[in-house]
Amino acid sequence: MEYSFDEFIKDVKMGREIEFIYNKTMYFVTHDNKREWLLIKTDDKTSQCFDCSESFIKNAKIGSQYLVELWDEVKLDTVY
């Protein structure tokens, strides 16, 4: 299924949680009760935390690359 970065941004801003695979590793995008956004690498539970969805979209990285830079290599798993 094709899932564009624009669709991803829309879903994040709506508060949806998203699981995706990049480089054979599963990642989970979620938010907590404080409305902080998290990008969690599920195999080792490392995470990045952002205070709002805009900050998350702009600053979340995997390795040294921003999500927007590597998004074409991402495979969507689930949108909640």
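Everything below is about the structure shown above.
The structure contained in this document is the topic of the report that follows. If you're wondering where the values come from, they're calculated on a predicted model, not measured in any experiment.

### Considering the overall build of the protein
- Assigned secondary structure in the protein consists of 3 helices and 7 strands.
- Over its C-alpha trace the protein gives a radius of gyration of 11 Å, about what one expects of a compact globule, namely 12 Å for 80 residues.
- Overall, the C-alpha framework of the protein stretches about 30 × 25 × 20 Å when taken along its three principal axes.
- Pairs at least 24 residues apart make up 41% of the contacts formed inside the protein by residues separated by at least 6 positions.
- About 5100 Å² of surface is accessible on the protein, with carbon and sulfur atoms providing 45% of the total.

### Thoughts on the pattern of salt bridges
- With the rule as written, the count across this model stands at 1 salt bridge.
- Of the charged contacts in the structure, one is a salt bridge between R16 and D11, with a shortest N-O distance of 3.8 Å.
- On the accessibility criterion, D11 (9% relative accessible area) is buried.

### Some thoughts on helix α1 (residues 5-13)
- Residues of α1 that are buried include every one of F5, F8, I9, D11 and V12, and no others. All buried residues of α1 fall inside an arc of 165° around its axis, so they share one side. Summarising the geometry of α1, the exposed residues directed more than 90 degrees from the buried face are D6, K10 and K13.
- Those residues of α1 hidden inside the fold are in contact with β1 (18-22), β2 (25-31), β3 (37-41), α2 (53-59), α3 (67-70) and β7 (75-79).
- Positive backbone phi, at 90°, marks G15, one or two positions downstream of α1.

Each value, and the rule that gives it
Residues numbered from 1 in each chain as written. Predicted model: local features only at pLDDT ≥ 70, side-chain atom pairs only at ≥ 80, totals over all residues. Heavy atoms only, no water. Helix = DSSP H or I, 4+ residues; strand = E, 2+ residues; numbered from the N terminus. Rg over C-alpha atoms; globule rule 2.2 N^0.38 Å. Contact = heavy atoms within 4.5 Å. Areas by Shrake-Rupley, 256 points an atom, 1.4 Å probe, with all protein chains shown as cover. Salt bridge = Lys/Arg side-chain N within 4 Å of Asp/Glu carboxyl O. Buried < 20%, exposed > 50% of the residue type's maximum accessible area, 1.4 Å probe, protein only. Arc of directions from axis to C-beta.

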